[in-house]
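Architecture at a glance
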Amino acid sequence: MRTAVVFFTLSLSFVCTFAQSANLTECLQTPTLSTCSSLQYPDSYAVSDRQLLCKGMPYMLGCSIATSCGSDTTSQFCQPFSLLADICSQDMPTMSGCRNYTQLCASGSVIKECSTSPPLTNLPKTSVIAAHVYSICGSMYMDGCSSCTFSSATALPNCDILGTYVKLCVAMPDMTECSNLKSICTANPKISYCSDYSAVSSNTSSSNSGSISSTTDTVSMLMYFHNRPAYVLFNSWVPKTTGEFAWTFFVLVAVGIVYELFSVARVYVEQKHLLSNKGVFKSVTNESSEGLSKKPFVLNKVSSTHVFLWTTLATVIRFVEILLHYLLMLAAMSFNITVFFAIITGLALGYPLSLHLKQRFVGVSDLSPAHC
């Protein structure tokens with residue numbers, strides 16, 4: 001009796017499998033048939049197709065999402081068919097591992113699983129995210145950039161591209177390159193990659209609105225001399241090519257020279273200001289029967305306007321001098337070798353020029369009193 005039950009069970013399983021296989025073959029050829037609406041693509045098939053794809057191209061976003069799911073089979077986006085859709089809907093629709101998915105979910109398909117287990121919303125192509133990682137790491141070297149090595153701007157590195165992208169955007173969530181991650185996490189907040197980013201993004205938004213955030217910036221910058229691309233004062237000033245480094249060098253040399261010239265101008269104006277002050281007040285000697293007597297200083301109204309003008313001019317020059325000084329200091333803090341030596345070169349070239357100008361226009365004779 002028991003043998004008969006086992007035989008019946010195996011026979012029924014075989015019949016169901018054969019019927020399902022026949023139905024799958026039919027729906028692969030014509031997914032618009034009404035009988036295909038309830039077709040469920042076997043999980044084992046979906047896993048096998050995905051593993052075939054990820055074995056050859058493990059850097060694809062869908063492969064990273066599948067890895068992050070681990071043993072989770074309860075979340076909708078971790079379902080085998082959905083994970084296969086993450087790869088086949090964007091990156092590799094023509095690959096052999098995506099052939100079944102592409103046929104089942106072709107235009108006009110009535111198979112419900114194509115809509116009930118869709119790919120992640122707003123998930124872009126892997127090449128788009130790779131381009132963002134290349135752009136970020138090309139502009140500023142950050143912790144995580146060493147994980148992915150690009151042979152060219154368009155080549156896809158064999159690394160966890162999505163994981164690296166998320167790490168960079170957690171460090172600097174306001175970068176323009178992180179807009180895709182924001183879209184992904186807004187539409188799919190429950191995926192593991194979005195947990196850290198959503199927390200940082202939320203804290204950044206509250207900080208921008210005026211509230212206090214407990215999250216501090218974790219920007220990873222090179223704090224030693226290097227010759228990688230780096231920000232120079234402004235977000236748009238990021239030299240990357242030889243030509244860009246060349247004009248950056250000459251601009252900073254020019255600024256260094258101008259800074260030295262302003263130091264000469266400041267000394268000159270300060271001396272004129274002192275001489276004007278000496279011309280404003282003078283002692284008056286009166287001769288009387290009691291002998292010579294000196295009255296306190298009296299105001300020379302002719303020079304009072306000059307004092308105000310020289311004071312204003314000295315203040316303006318000092319303001320510009322301090323401004324240039326701190327701009328050069330902040331530029332040097334990029335730790336870029338080219339930037340640093342451009343500043344030093346500019347200051348060094350400006351020094352002998354400033355000495356010549358001081359000897360010519362700020363001589364010792366200028367310090368002699370205007371009134372004796």
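Summary of the structure given here. (Residues numbered from 1 in each chain as written. Predicted model: local features only at pLDDT ≥ 70, side-chain atom pairs only at ≥ 80, totals over all residues. Heavy atoms only, no water.)

**Regarding the overall build of the chain**
- What the chain contains, in helices and strands, is 13 helices and 2 strands.
- For the chain, the residues scored as buried account for 36% of the 372 residues in total.
- In the chain, once contacts between residues fewer than 6 apart in sequence are set aside, the share between residues at least 24 apart is 67%.
- In the form shown here, the chain has an accessible surface area of approximately 21800 Å², with 61% of it arising from carbon and sulfur atoms. (Helix = DSSP H or I, 4+ residues; strand = E, 2+ residues; numbered from the N terminus. Buried < 20%, exposed > 50% of the residue type's maximum accessible area, 1.4 Å probe, protein only. Contact = heavy atoms within 4.5 Å. Areas by Shrake-Rupley, 256 points an atom, 1.4 Å probe, with all protein chains shown as cover.)

**Quick word on the side chain of D91**
- With respect to the helices and strands, D91 occurs in the loop between α4 (80-88) and α5 (99-104).
- Buried and without a salt bridge, D91 has K125 as its closest oppositely charged side chain, separated by 6.8 Å.
- Within the structure, D91 has its side chain in polar contact with the side chain of T126 (distance 2.6 Å).
- When near neighbours in sequence (up to four residues on either side) are disregarded, D91 contacts M60, L61, K125 and T126. (Lys, Arg positive; Asp, Glu negative; His and termini not counted. Salt bridge = Lys/Arg side-chain N within 4 Å of Asp/Glu carboxyl O. Polar contact = N/O pair within 3.5 Å; in protein donor to acceptor, adjacent residues only side chain to side chain.)

**Some words on the state of the cysteines**
- Summed over the entire model, instances satisfying the criterion amount to 9 disulfides.
- Between the sulfur of C137 and that of C145 lies a disulfide, 2.1 Å long from S to S. Disulfide C137-C145: torsion about the S-S bond near -90 degrees, hence left-handed. C145 shares its class with C137; the two are buried. (Disulfide = S-S within 2.5 Å.)

**Examining unusual backbone geometry**
- At L233, a position not held by glycine, the phi torsion is positive, near 70 degrees.
- For L233, the position within the fold is in the loop between α10 (193-208) and α11 (242-280).
- Take L233: its relative accessible area is 33%, and that puts it in the partly exposed class.

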